[in-house]
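What follows is the residue order along each chain.
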Amino acid sequence: MLILNQTDFTPASFILNGVPGLEDMHIWISFPFCSMYVVAMLGNCGLLYLIHYEDSLHRPMYYFLAMLSLTDLVMCSSTIPKVLIIFWFHVKEIGFDECLVQMFFVHTFTGMESGVLMLMALDRYVAICYPLHYSTILTNPVIAKVGLATFLRGVIFVIPFTFLTKRLPYCKGNIILHTYCDHMSVAKLSCGNVKINAIYGLMVALLIGGFDILCITISYTMILRAVVSLSSADARQKAFSTCTAHICAIVFSYSPAFFSFFSHRFGGHTIPPSCHIIVANIYLLLPPTMNPVVYGVKTKQIRDCVLQILSGFKDTKSHSI
């Protein structure tokens, strides 16, 4: 039942519908979602533990990786627990203010994810193109400042979302056809003018995503030129291998984002809403799930630290026996 404040038409709560058209499949959809979330939590917490306690990982590249892991943890934890509650227990209600808070975290940390990937591309550019100055350019204070700037950028751009959404009158019902509070999914329930919301949302996506993609593209263009100019094949292979994990992280992050962005605008009615919503959830789940796996497999220092910890655990266990 829709409960409205008579003065400003603000609902007391919304109903998150889940995946429309697939309500009978919610319990089955929940299994891969839950599995990916568990892997994401364990993998990213494990990476943070390694980076914090292993002195050999106290380097700029791994500090940026720690930022990425923290971002991934917050990004998926802001939505997936509620999604699983909807799927398992059919508890679909979410308070209006709680919905705005969830919206803030989702959009802030998806922007943060893009920003950290951009910083990691710049890190690889400095490491490959200016190896002798790497430690003097990317000092700890510089890393802290650019990390804070990336976070503040997301906050500053996303805060208007909450005010633009809060000011709207809601008289088209309170059922959100989504698994979480996305900006435009909520705004569509308004009977007011949402053109400003739509324009601002597109502008933020282009400013943040467009700027980050441009920086990543320029960085890898310069990296490619530097690597191709190397005379040794082994040196070229080693330089490329240092970028492999980051390139995989970019693919996992931007592929569902691009699909969602273009399908919404050019897919028309050919792509069902359930597909849009599942992809939107994958966008929040796939990078946190795959990033620690990719970096664990592709990064020799992380593999060595994991093997060292496992061997130490085995030795302790054998001595206790």
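Predicted model only: the values in this text are computed from it and were never measured.

Student: Any chance you could explain the overall build of the protein here in plain terms?
Tutor: When helices and strands are tallied, the protein shows 11 helices and 3 strands. Reading the protein from its N terminus to its C terminus gives the helix and strand order β-α-α-α-β-α-α-α-β-α-α-α-α-α. Here the protein has a C-alpha radius of gyration of 22 Å; the compact-globule value for 321 residues is 20 Å, and the two agree. Each of the 321 residues in the protein was classed as buried or not, and the buried ones make up 45%. Contacts spanning at least 24 positions in sequence make up 78% of the contacts within the protein whose residues lie at least 6 apart. The positive charge centre, built from 20 side chains, and the negative charge centre, built from 16, are 8 Å apart in the protein.

Student: Teacher, can you tell me more about the layout of surface pockets here?
Tutor: Any empty space left between atoms is shown by rolling a water-sized probe over those atoms. Of the volumes computed, that of the second largest pocket is approximately 530 Å³. Forming the boundary of the second largest pocket are 21 residues, of which Arg124, Lys238, Ala239, Ser241 and Thr242 lie nearest the centre. Of all the secondary structure elements, the ones that give two or more residues to the lining of the second largest pocket are helix H2 (60–77), helix H4 (96–129), helix H8 (195–228), helix H9 (233–266) and helix H11 (300–320). No other element matches the 6 residues that H9 contributes to the lining of the second largest pocket. Here the lining of the second largest pocket is built from residues that sort into 12 nonpolar, 4 polar and 5 charged.

Student: So what exactly am I meant to see when it comes to the pairing of strand E1 (residues 13–16) here?
Tutor: Each regular strand carries side chains that alternate between the two faces of the sheet. When E1 meets strand E2 (residues 93–95), the two strands line up antiparallel, connected through 3 bridges. Residue pairing in the sheet places Ile15 in a bridge with Glu93 of E2.

Student: Is there a simple way to explain the nonpolar core in this structure?
Tutor: Buried together is how nonpolar side chains tend to be arranged in soluble globular proteins. Among the nonpolar cores identified, the biggest contains 46 residues, and Leu65, Met120, Ile216 and Tyr295 are the most heavily contacted of them. When contributions to this core are tallied by element, the ones reaching two or more residues are helix H1 (26–53), H2, H4, H8, H9, helix H10 (273–298) and H11. Look past the residues within four positions of Met120 in its chain and what remains in contact with it is Phe64, Leu65, Leu68, His246 and Tyr295. Core analysis: the next-biggest nonpolar cluster, separate from the first, contains 35 residues, Val83, Leu84, Cys99 and Ile277 among them.

Student: What should I look at first to understand the state of the cysteines in this one?
Tutor: Here is the idea: a disulfide is a covalent bond, and it sits between the sulfur atoms of two cysteines. Across all of its chains, the model carries 2 disulfides by this definition. Paired through a disulfide, Cys99 and Cys181 show a sulfur-sulfur distance of 2.0 Å. Measuring the twist about the S-S bond at about -120°, one finds the Cys99-Cys181 disulfide to be left-handed. In this pair, Cys99 is assigned in helix H4 and Cys181 in the loop between strand E3 (175–176) and helix H7 (183–187), connecting sequence segments 82 residues apart. The exposure class assigned to Cys181 is buried, which follows from its relative accessible area of 0%. Between the sulfur of Cys171 and that of Cys191 lies a disulfide, 1.8 Å long from S to S.

Student: Just checking my understanding: could you explain the pattern of salt bridges for this structure?
Tutor: If the charged atoms of two oppositely charged side chains come close together, the side chains can form a pair. Scanning the entire structure with this criterion turns up 4 salt bridges. One salt bridge connects Asp97 with Lys166, and the closest N-O pair in it is separated by 3.4 Å. In this pair, Asp97 is assigned in helix H4 and Lys166 in helix H6 (residues 140–166), connecting sequence segments 69 residues apart. The partner of Lys300 in a salt bridge is Asp304, and the shortest N-O contact between them spans 2.8 Å. Highlighted residues: Lys300 and Asp304, both in helix H11, separated by 4 residues, approximately one helical turn.

Student: What's the story with empty space enclosed by the protein in this structure? I'm lost.
Tutor: Tallying each qualifying case throughout the model produces 1 cavity of 30 Å³ or more. Here the largest cavity defines a volume of roughly 60 Å³. Elements supplying a minimum of two residues to the lining of the largest cavity: H2, H4 and H9. When grouped by side-chain class, the residues that make up the lining of the largest cavity number 5 nonpolar, 2 polar and 2 charged.

What counts, and at which threshold
- Residues numbered from 1 in each chain as written.
- Predicted model: local features only at pLDDT ≥ 70, side-chain atom pairs only at ≥ 80, totals over all residues.
- Heavy atoms only, no water.
- Helix = DSSP H or I, 4+ residues; strand = E, 2+ residues; numbered from the N terminus.
- Rg over C-alpha atoms; globule rule 2.2 N^0.38 Å.
- Buried < 20%, exposed > 50% of the residue type's maximum accessible area, 1.4 Å probe, protein only.
- Contact = heavy atoms within 4.5 Å.
- Lys, Arg positive; Asp, Glu negative; His and termini not counted.
- Charge placed at Lys NZ, Arg CZ, Asp CG, Glu CD.
- 1 Å grid on protein atoms, 1.4 Å probe; cavity = no way out; pocket = protein on both sides within 12 Å on 5 of 7 lines; lining within 4 Å.
- Points joined across faces, edges and corners; volume = space filled by probe spheres on them.
- Nonpolar A, V, L, I, M, F, W, Y, C, P; charged D, E, K, R; others polar.
- Pairing = 2+ DSSP bridges.
- Core = buried A, V, L, I, M, F, W, Y, C linked by side-chain atoms within 4.5 Å.
- Disulfide = S-S within 2.5 Å.
- Salt bridge = Lys/Arg side-chain N within 4 Å of Asp/Glu carboxyl O.

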